[in-house]
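Results of the structural survey
As a plain string of letters, each chain reads:
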Amino acid sequence: MINVTKTYLPDVEKYKSYVEKIFSSGWLTNNGQMVQELERRLSEFLGVKNLLLVSNGTLALQVAYKVLDLKGDVLTTPFSFVATTSSLVWEGLNPVFVDIDPDTFNMDPEKITDKITKSTSAIVPVHVFGNICDVEKIEEIARRNKLKVIYDAAHAFNVSLNGQSAANYGDISTFSFHSTKVFHTIEGGAIVVKDDDLFKRAKLMINFGIPGPDRVTELGINCKMNEFQAAMGLCVLEDMEMILTHRKKIYNKYCHAFNNNAHIKVQKLNAKASQNYSYFPVVFDSEDVLLNVRGALNKEGIFPRRYFYPSLEEMPFVQQGQAVPVSASISKRILCLPIYESLEESIQDRVIEIVKAKIME
Ligand SMILES: *Cc1c(COP(=O)(O)O)cnc(C)c1O
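Just so you know, these numbers come straight off a predicted model, no measurement behind them.

Turning our attention to the overall build of the protein. For the protein, the count of helices and strands is eleven helices and 14 strands. At 21 Å, the protein has a C-alpha radius of gyration in line with the 21 Å of a compact globule built from 361 residues. Seen along its three principal axes, the alpha-carbon backbone of the protein occupies a region of about 70 × 55 × 35 Å. Considering only contacts within the protein whose residues lie at least 6 apart along the sequence, 70% involve residues at least 24 apart. Only carbon and sulfur atoms are counted for the fraction: they give 52% of the accessible area of the protein, which is about 16100 Å². The centroid of the 40 positive side-chain charges in the protein is displaced by 2 Å from the centroid of its 43 negative side-chain charges.

Here it is, written out as structure tokens:
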């Protein structure tokens with residue numbers, strides 16, 4: 001069975017050697033050696049300061065909203081994984097959707113200002129499929145209206161703009177290190193905080209607000225990363241260059257196959273940004289074509305995914321009746337094709353062949 005992605009597993013002997021270190025220290029969680037080491041290495045690899053590892057990308061978002069003390073309405077994109085929106089609702093915030101750009105699939109900055117009201121406290125855009133947003137425009141609007149910006153950078157590991165890590169934009173950026181992501185720690189995530197004091201608060205918050213024995217100074221939660229997760233991260237990080245090289249080759253082959261096809265739209269990439277080749281989305285002329293293509297691929301044991309469908313304004317837990325026609329249309333017609341470091345060339349060839357044949361039917 002070929003899926004849209006396949007979790008990267010490092011050399012098991014290497015992982016065992018880390019596990020042995022954990023066993024001999026007897027320290028399994030609570031800011032252990034492995035977590036500290038991974039925080040150091042990731043900060044260096046990504047070129048960021050103030051990086052905090054957490055147990056997953058959803059809690060990373062929730063802690064970000066909490067530490068920034070968001071209230072009321074938050075502008076976000078309807079075209080994302082459900083966690084971007086559900087985390088807002090979970091924290092008692094009201095997601096207000098800003099429609100997306102039909103070519104980049106990111107929040108359309110031209111449509112933000114119209115949605116700002118007295119109740120708006122922040123903007124939560126997503127660098128969709130690792131394509132970095134128009135951060136300059138977004139942050140200019142945020143400054144003018146005194147809004148916080150939290151980037152859900154779950155897809156943007158190792159992506160940079162003008163040589164700056166994606167995570168250096170906004171008041172806070174969050175990552176997901178779930179097994180399905182380009183870089184993973186089994187389950188996991190990170191928070192990158194611009195302000196040093198807020199960073200210290202976030203650090204307290206992820207461990208019940210406990211600064212040391214016999215004291216609680218802050219309302220907190222538990223979303224610490226454990227040592228086994230961090231050990232996986234250390235192993236995967238060592239192989240990142242190889243992973244990205246393989247993915248790039250596969251990505252470029254899809255580009256070559258589909259770039260000038262009148263019946264397939266590929267994502268328009270931010271020309272000033274680097275890529276991490278995490279997804280390969282294609283948009284068809286209609287949902288019927290998509291279902292036909294998917295059916296034909298499924299018959300051969302190939303399972304692409306409808307990222308992202310349905311569009312999030314349709315979720316039963318958000319304010320109903322928010323019109324975002326571009327997202328609604330794209331989400332019905334978009335399919336992410338298999339891409340991962342060990343995808344065989346012959347299988348990719350077959351995927352391309354089937355897609356090209358089915359769109360002509
Ligand atoms: C994966 C993902 C998340 C959630 O991360 P988890 O680590 O699975 O909790 C949030 N936002 C986006 C855009 C994602 O793709």
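Now that the structure is up, let's keep going.
The strands that make up a sheet are held in pairs by hydrogen bonds between backbone atoms, and each pair lies either parallel or antiparallel. Reading across the sheet, the seven strands line up as β2-β10-β9-β6-β5-β3-β4 and stay open at both edges, with mixed pairing between neighbours. For this open sheet the edge positions go to β2 (51-54) and β4 (94-97), each flanked by a neighbour on one side alone. Adjacent strand axes in the sheet meet at a mean angle of 25° when their direction is disregarded. Contacting β5 (120-124) and β6 (148-152), helix α5 (residues 135-145) runs over the sheet at an angle of about 150° to β6.

For the rest of this paragraph, the subject is the site of the ligand. Close to the ligand lie 14 residues, the nearest being Thr 58, Asp 152, His 155, Ser 176 and Lys 181. Gly 57 is positioned with one of its backbone polar atoms (N or O) 2.8 Å from an oxygen atom of the ligand. At 3.2 Å from an oxygen atom of the ligand is found a side-chain nitrogen or oxygen belonging to Lys 181. Calculation on the ligand without its partners gives an accessible area of 380 Å², and the protein chains cover 93% of this total. Going through the elements one at a time, α3 (57-67) and α4 (83-90) are the ones with two or more residues in the shell around the ligand. Residue composition of the shell around the ligand, by class: three nonpolar, nine polar and two charged.

So, about the side chain of Asn 270. Here Asn 270 shows up in the loop between β11 (265-266) and β12 (280-283). At 3.2 Å, the side chain of Asn 270 forms a polar contact with the backbone oxygen of Ile 132. Ignoring any residue separated from it by four or fewer positions in sequence, one finds Asn 270 in contact with Asn 131, Ile 132, Cys 133, Leu 161 and Gln 275.

Thresholds applied
Here the residue numbers are simple positions, counted from 1 along each chain's written sequence. Local features in a predicted model are, by the rule used here, given only for residues with pLDDT of at least 70; side-chain atom pairs are given and counted only at 80 or more, and totals for whole chains, interfaces and linings are based on all residues. To get the side-chain values, all heavy atoms of the structure are used, and hydrogens and water are removed first. Runs of E in the DSSP output that reach at least two residues are strands. Runs of H or I that reach at least four are helices, and both are numbered from the N terminus. It is over C-alpha atoms that the radius of gyration is taken, and the globule rule equals 2.2 Å times the number of residues to the power 0.38. Two residues form a contact once any of their heavy atoms are found within 4.5 Å. Only the protein chains shown count as cover for residues, with accessible areas throughout obtained via the Shrake-Rupley method and a probe of 1.4 Å. Residues scored as charged are limited to Lys and Arg (positive) and Asp and Glu (negative), so that His and the chain ends carry no count. One atom stands in for each charge, and that atom is NZ of Lys, CZ of Arg, CG of Asp or CD of Glu. Strands pair, by our definition, only if DSSP identifies at least two bridges between them. Fitted lines through C-alpha atoms give the axes, limited to the stretch in contact for helices. The angle between two N-to-C directions lies from 0 to 180 degrees. Note on definitions. A residue lies near a molecule or strand when any single heavy atom of the residue is within 4 Å of it. Contacts described as polar in this section are N or O atom pairs within 3.5 Å, which, within protein, must combine one atom able to donate a hydrogen with one able to accept it, while residues neighboring in sequence count only if both atoms come from side chains. Residue classes follow a fixed rule: Ala, Val, Leu, Ile, Met, Phe, Trp, Tyr, Cys and Pro count as nonpolar, while Asp, Glu, Lys and Arg count as charged, and any other residue, Gly among them, counts as polar.

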